[in-house]
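As a plain string of letters, each chain reads:
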Amino acid sequence: GGGRKKWLLRLNHYTRTADTVRPDVIPYTYMDPETQLFTVPSLEELLGFSVMVTTCGGAAMLRARGLEAEHVTLLVIDEAAQALEPETLIPLLLKGPQCRA
């Protein structure tokens with residue numbers, strides 16, 4: 001949406017409804033203005049964000065938009081002990097040689 005703050009993006013799955021997201025987080029999300037559904041910004045828009053927050057599975061949406069490992073400089077997998085091991089491999093696909101993980 002138009003009120004998005006450009007330094008932080010919180011990705012949400014397209015099936016999630018806005019009423020399930022805390023109001024103070026909504027400005028950091030990305031919604032299609034026509035459908036009012038959560039979506040993933042274009043690659044050009046993604047590259048404008050300094051920080052992207054998503055689930056392990058959601059990291060696949062970043063790859064699908066064309067985000068490559070050279071664009072990621074720091075990768076943090078929060079609550080990794082709760083994730084299934086194969087699930088943690090998804091965001092690790094975004095880890096390039098310059099990335100600290």
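Residues numbered from 1 in each chain as written. Predicted model: local features only at pLDDT ≥ 70, side-chain atom pairs only at ≥ 80, totals over all residues. Heavy atoms only, no water.

### A closer look at the overall build of the protein
Of regular secondary structure, the protein possesses 3 helices and 2 strands. N-terminal to C-terminal, the α/β element order of the protein is β-α-β-α-α. Over its C-alpha atoms the protein spans a radius of gyration of 14 Å, differing by no more than 12% from the 13 Å that the globule rule assigns to 101 residues. Within the protein, buried positions represent 29% of all 101 residues. For the protein, the proportion of contacts with a sequence separation of at least 24, taken over those separated by at least 6, is 56%. Summing over all exposed atoms, the protein offers an accessible surface of approximately 6,600 Å²; the carbon and sulfur share of this is 57%. (Helix = DSSP H or I, 4+ residues; strand = E, 2+ residues; numbered from the N terminus. Rg over C-alpha atoms; globule rule 2.2 N^0.38 Å. Buried < 20%, exposed > 50% of the residue type's maximum accessible area, 1.4 Å probe, protein only. Contact = heavy atoms within 4.5 Å. Areas by Shrake-Rupley, 256 points an atom, 1.4 Å probe, with all protein chains shown as cover.)

### Observations concerning the packing of aromatic side chains
All chains considered together, the criterion is met by 1 aromatic pair. Measuring from ring centre to ring centre gives 6.1 Å for Trp7 and Tyr28, while their planes differ by 75 degrees; the resulting arrangement is edge-to-face. Residue Trp7 is found in the segment before strand S1 (8-10), and its partner Tyr28 is found in the loop between S1 and helix H1 (43-46); the two are separated by 21 residues along the sequence. A relative accessible area of 48% places Trp7 in the partly exposed class. Tyr28 gets classed as buried once you look at its relative accessible area, which sits at 17%. (Phe/Tyr/Trp six-rings, centres within 6.5 Å; stacked < 30°, edge-to-face > 60°.)

### Examining the nonpolar core
In this structure, Leu9, Leu11, Leu46, Leu62, Leu67, Val72 and Leu94 are the most contacted members of the largest nonpolar core, which totals 13 residues. Among all residues touching Leu62, those that are not within four sequence positions of it are Leu11, Leu46, Met52, Thr54, Leu67 and Leu94. (Core = buried A, V, L, I, M, F, W, Y, C linked by side-chain atoms within 4.5 Å.)

### Considerations on the side chain of Thr29
As for its placement among the helices and strands, Thr29 is situated in the loop between S1 and H1. According to the relative accessible area criterion, Thr29 is buried, its value standing at 3%. One polar contact links the side chain of Thr29 to the main-chain carbonyl oxygen of Ile26, over a distance of 2.7 Å. (Polar contact = N/O pair within 3.5 Å; in protein donor to acceptor, adjacent residues only side chain to side chain.)

### Side note on the layout of surface pockets
Think of a ball as big as a water molecule: rolled over the atoms, this probe shows where empty space is left. Taken as a whole, the largest pocket spans an internal volume of roughly 730 Å³. Around the largest pocket, the lining is made up of 23 residues, and of these Met52, Val53, Thr54, Leu75 and Val76 lie nearest the centre. Its residues assigned to classes, the lining of the largest pocket comprises 16 nonpolar, 5 polar and 2 charged. (1 Å grid on protein atoms, 1.4 Å probe; cavity = no way out; pocket = protein on both sides within 12 Å on 5 of 7 lines; lining within 4 Å. Points joined across faces, edges and corners; volume = space filled by probe spheres on them. Nonpolar A, V, L, I, M, F, W, Y, C, P; charged D, E, K, R; others polar.)

### With respect to the pattern of salt bridges
Enumeration according to the criterion identifies 1 salt bridge in this entry. In this structure, the salt-bridge partner of Arg22 is Asp24, at a minimum N-O distance of 2.6 Å. Look at Arg22 and you get exposed, because its relative accessible area is 55%. Classification of Asp24 as partly exposed rests on a relative accessible area of 46%. (Salt bridge = Lys/Arg side-chain N within 4 Å of Asp/Glu carboxyl O.)

### Topic: a nonpolar patch on the surface
Judged by side-chain polarity, Trp7, Val51 and Val53 come together as a nonpolar surface patch covering roughly 260 Å² of accessible area. Locating Val53 in the fold gives a position in strand S2 (residues 51-53). (Patch = residues over 30% accessible without salt bridge, like charges linked within 9 Å, V, L, I, M, F, W, Y side chains within 5 Å.)

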